[in-house]
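So you can see what is in the structure, the chains are spelled out below.
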Amino acid sequence: MAKGLLVEFYLEGVHQVAESEKEGRPIFKDVEFVRIIPIGDNKTVLARQASVQDKQKFADEYAVFSKGVGGAFKGTPLTQWPSMLPAQIKLLNHFNVYTVDQLAELDDQAIGRIGPGTRELHEKARAFILKAAGNADSERFASENLAMKEEIARLSSMVKELSARDKSNNKVAA
């Protein structure tokens, strides 16, 4: 994902003048566009027809667009983070900040534009992201441990079953 930018690909119907004149009716063609907005800035918006370079530079966002999933953001939505109040979420959304990850990436200019209290939220978001990254290893180890315990139980059950078969086969043979 683009760091510090909100990037959205979208389709827009573009009027095809020559074809419209030829057909005698309005003809439109779907054309891929890209909208690039700096996170934390609600005044700067760059919107243009998407170039090959845009599709390469913002490959993750283009992949999401290509799959037909509009407006998808990577990270924890602000609405799912218990540290946020509804008014804070609305304020941050106004400045194109939709996830805890985007909040953690804000630069000093964006923090200043958004206003009082943003620096504290930014620091909380950074701490949340760092803590979550540390917990990921613990959760992975716990999951692997559980899988190993289940495998040991399955193998132990198989050993008991084979042992019981062996004993019954020995009794029949004797």
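Residues numbered from 1 in each chain as written. Predicted model: local features only at pLDDT ≥ 70, side-chain atom pairs only at ≥ 80, totals over all residues. Heavy atoms only, no water.

### What about the side chain of T118?
(1) Moving on: Along the chain, T118 turns up in helix α7 (residues 118-173).
(2) Moving on: If we ignore the near neighbours within four places in the chain, the residues touching T118 are L106 and I111. (Helix = DSSP H or I, 4+ residues; strand = E, 2+ residues; numbered from the N terminus. Contact = heavy atoms within 4.5 Å.)

### So, the pattern of salt bridges
(1) Moving on: With the rule as written, the count across this model stands at 6 salt bridges.
(2) Moving on: A salt bridge links E32 to K55; the shortest N-O distance between them is 2.7 Å. With E32 in strand β2 (residues 28-38) and K55 in helix α2 (residues 52-57), this residue pair connects regions lying 23 residues apart in the sequence.
(3) Moving on: Between D54 and R48 there is a salt bridge; the shortest N-O distance is 2.4 Å.
(4) Moving on: Judged by its relative accessible area of 3%, D54 is buried.
(5) Moving on: Residue R48 is classed as partly exposed on the basis of its relative accessible area of 32%. (Salt bridge = Lys/Arg side-chain N within 4 Å of Asp/Glu carboxyl O. Buried < 20%, exposed > 50% of the residue type's maximum accessible area, 1.4 Å probe, protein only.)

### What to know about the nonpolar core
Across soluble globular proteins, nonpolar side chains have a tendency to be buried as a group.
(1) Moving on: Within the largest apolar cluster, 19 residues are counted, with the highest numbers of intra-cluster contacts made by L78, M84, L92, V97, L103 and L106.
(2) Moving on: The set of elements that each furnish at least two residues to this core consists of α4 (86-94), α5 (100-105), α6 (108-114) and α7.
(3) Moving on: If near-sequence neighbours (up to four positions away) are discounted, L92 is found in contact with L78, M84, V97, L103, I114 and L121. (Core = buried A, V, L, I, M, F, W, Y, C linked by side-chain atoms within 4.5 Å.)

### Structural notes on helix α3 (residues 59-66)
(1) Moving on: Listed as buried for α3 are E61, Y62 and F65. The buried residues of α3 all sit within an arc of 100° when viewed along its axis, so they share a single face.
(2) Moving on: Tucked into the core, α3 has its buried residues touching β1 (5-15), β2 and α2.
(3) Moving on: Within two residues after α3, G68 carries a phi angle of roughly 85°, on the positive side. (Arc of directions from axis to C-beta.)

So yeah, pure geometry; function would need other evidence.
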